[in-house]
Amino acid sequence: MTQAEIPATTLGLLPGDTQAVPVSLVTTGSWAKVEAGLEPTQRSFARAIGFKPKAGGVALLPGPDGSLARVLFGLGDPEAASHDRLLVGKLPGLLPEGVFRLDDAPEPTETALAWLMGSYRFGRYRSGGGSQARLVAPAGIDAAEVERIAAAVAMGRDLVNTPANDLGPAEIEAAARTLGARHGASVTVTQGEALATEYPLIHAVGAASPRAPRLIDLTWGPADAPRVTLVGKGVAFDTGGLDIKPSAAMLLMKKDMGGAAAALAAADMVMGARLRLRLRLLIPAVENAVSGNAFRPGDVLPSRAGLSVEIGNTDAEGRLILADALALADADSPDLILDFSTLTGAARVALGPDLPAFFTEDDALAEAVAQAGRAAIDPVWRMPLHAPYASLLDSKVADLNNVSGGPFAGAITAALFLRRFAPNTKAHGHFDLYGWNPSTKPGRPEGGEVQTARLTYTLLKARYGN
């Protein structure tokens, strides 16, 4: 299968002159004014069905001929701490097929993006496309920009949602090549004996699968521009290796390439916007399988950085493949390295599925990331790189172990492990994300999610925008 065979999810806005049903976005403060401006029959209908402007409330108001004439959608209290800025992303799942326009959207760009992200459906394996509510582009927004971001999000979600039988290391490579061809980037791939020699950890993790491991390297932009490197964990499926996962823990392991999907989505946004930077995207792509040549607990493996690694657990494979990729990234002395991975359950225990953990030693980068996350509605939470915990990775037979010796601080020790392989780049940020929406929320359908991709684009646009 090639990436071209994965049906692309098309999300777009319609021109402003398209005939459309108006949607009134109503807050607790504006409802009285909006209600007074309704046609008498519509006002009576809204009262009869008990519409209130609570968050997510909806009313479909008929015209004189019984057809849909107006939609009321409640925003609740936008000043409340619990207010969801992507709330309008709930509408596509509530409305019938048709064309709609938003009246007086408070944040039209934000609202349009929420609508498009909420319109996403992964329909590759289901017959029938279903109906779709389409949106007219609100006046004054950069519709092309909104569509580019939504399309990149959809692309990444499609990759995460595609099951591992149809998406392995070769298909991740194909996705990168498709993206590179679209934007005029160059893509090189290392595999086979060259991989074993140059990236021994990536090779060792992927050796047990008949689907060959590889290191994907995409570059784009002027050679003399500021250099930014994104590194995404591309584990197409994770059995846990010889430290095999129980069946319940394996059910969602198609999403273990969620870091690669997030990095690809962010790269798509960056290249589509033609930001003034030299972008490098590195994806170590493997399947962590079980066979006679699988790497074992207790093995001592070499790494690209020259450090030897004792394997304490084969289910901690993501940090191994990222280590070789980070060593390559660090040798190039970029201005910024960001890595993305579905790395630890410990981060999910600490912060839950919606809030990725972020690690860095660079306080200025941490603040910029936090600001970008708030602006993009793509939040993260900074966690400490507590240096004394590095001793938990000590090994009696190698330079370090790939896991700590106890149950504590798993996300921190994983981040400290990665830091050993990019020692020369101060501006290095590590995202430990979930890559999945356990349930549907406005703008975030249940399934694969490219957490931190929009944050990354917002961060890089602020630094390197035209």
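Just so we're clear, the structure is a prediction, and the values are computed from it rather than from any experiment.

**Student:** Describe the sheet that holds strand β11 (residues 300–301), and please don't skip the residues or the numbers.
**Tutor:** Across a sheet, strands are paired by hydrogen bonds formed along the backbone, either parallel or antiparallel in direction. As summarised here, the arrangement of the three strands in space is β11-β12-β16, forming an open sheet in which the pairing is mixed. Taken across any chain shown, the strands that pair with only one partner, and hence form the sheet edges, are β11 and β16 (400–401). Taken together, the two bridges between β11 and strand β12 (residues 309–310) define a ladder with antiparallel strand orientation. Directly across from Val300, in β12, lies its bridge partner Glu310.

**Student:** Requested: an account of the nonpolar core, with residues and values cited.
**Tutor:** Grouped together as the largest cluster of nonpolar side chains are 89 residues, with contacts concentrated most on Trp115, Leu230, Leu264, Leu277 and Phe431. For Leu230, the contacting residues outside a window of four places in its chain are Ala263, Ala266, Ala267, Leu279, Arg280, Leu281, Leu282, Leu338, Phe340 and Thr456. Listed in part, the 42 residues of the second largest apolar core include Ala204, Val205, Val286 and Leu343.

**Student:** Provide a residue-level description of the packing of aromatic side chains, including the pertinent values.
**Tutor:** One pass over the full model with this rule turns up six aromatic pairs. For the ring pair Phe100 and Trp115, a centre distance of 6.3 Å and an interplane angle of 45° mean the geometry is tilted. Residue Phe100 is found in strand β4 (residues 98–103), and its partner Trp115 is found in helix α3 (residues 108–118); the two are separated by 15 residues along the sequence. Trp115 matches Phe100 in its accessibility class, with the two residues each being buried. Ring pairing ties together the aromatic residues Phe340, Phe358 and Phe431, which thus form one cluster. Between the NZ or CZ atom of Arg157 and the centre of the ring of Tyr120, over which it lies, the distance is 5.3 Å. Above the face of the Tyr434 ring, Lys255 is positioned so that its terminal group lies 4.1 Å from the ring centre.

**Student:** An account of the packing of helix α4 (residues 143–161) against helix α9 (residues 258–272) is requested, with residue identities and associated values reported.
**Tutor:** Relative orientation of the contacting elements α4 and α9 amounts to 160°, with a least axis distance of 9 Å. Taken together, α4 and α9 sit at an angle that is classed as roughly antiparallel. Read as a crossing pair, α4 and α9 show a hand that is right-handed. Two secondary-structure elements touch here, α4 through Arg148, Ile149, Ala152, Val153, Met155, Gly156, Leu159 and Val160 and α9 through Gly258, Ala261, Leu264, Ala265, Asp268, Met269 and Gly272. Its residues placed into classes, the contact of α4 with α9 shows ten nonpolar, three polar and two charged.

**Student:** Just give me the short version of the confidence of the model for the chain, but keep the residues and values in it.
**Tutor:** Overall, the predicted model of the chain reaches an average pLDDT of 95, with 97% of residues at or above 70. Per-residue pLDDT stays below 50 along residues 1–7; that stretch engages in 17 contacts with residues further than four places along the chain or on separate chains.

**Student:** Can you break down the UniProt feature "domain: Cytosol aminopeptidase" (unreviewed entry) in the chain residue by residue, with the values?
**Tutor:** This chain's UniProt record puts "domain: Cytosol aminopeptidase" (unreviewed entry) on residues 313–320. With 38% helix and 0% strand, the stretch residues 313–320 has end C-alpha atoms that lie 11 Å from each other.

Cut-offs used in this document
Residues numbered from 1 in each chain as written. Predicted model: local features only at pLDDT ≥ 70, side-chain atom pairs only at ≥ 80, totals over all residues. Heavy atoms only, no water. Pairing = 2+ DSSP bridges. Helix = DSSP H or I, 4+ residues; strand = E, 2+ residues; numbered from the N terminus. Core = buried A, V, L, I, M, F, W, Y, C linked by side-chain atoms within 4.5 Å. Buried < 20%, exposed > 50% of the residue type's maximum accessible area, 1.4 Å probe, protein only. Contact = heavy atoms within 4.5 Å. Phe/Tyr/Trp six-rings, centres within 6.5 Å; stacked < 30°, edge-to-face > 60°. Lys NZ or Arg CZ within 6 Å of the ring centre and 35° of its normal. Axes fitted to C-alpha atoms, helices over the stretch in contact; angles between N-to-C directions. Parallel < 35°, antiparallel > 145°, perpendicular 65-115°, else oblique. Left-handed = near helix turned anticlockwise from the far one by under 90°. Nonpolar A, V, L, I, M, F, W, Y, C, P; charged D, E, K, R; others polar. pLDDT = per-residue confidence, 0-100. UniProt positions renumbered as here; feature names shortened; annotations may be inferred.

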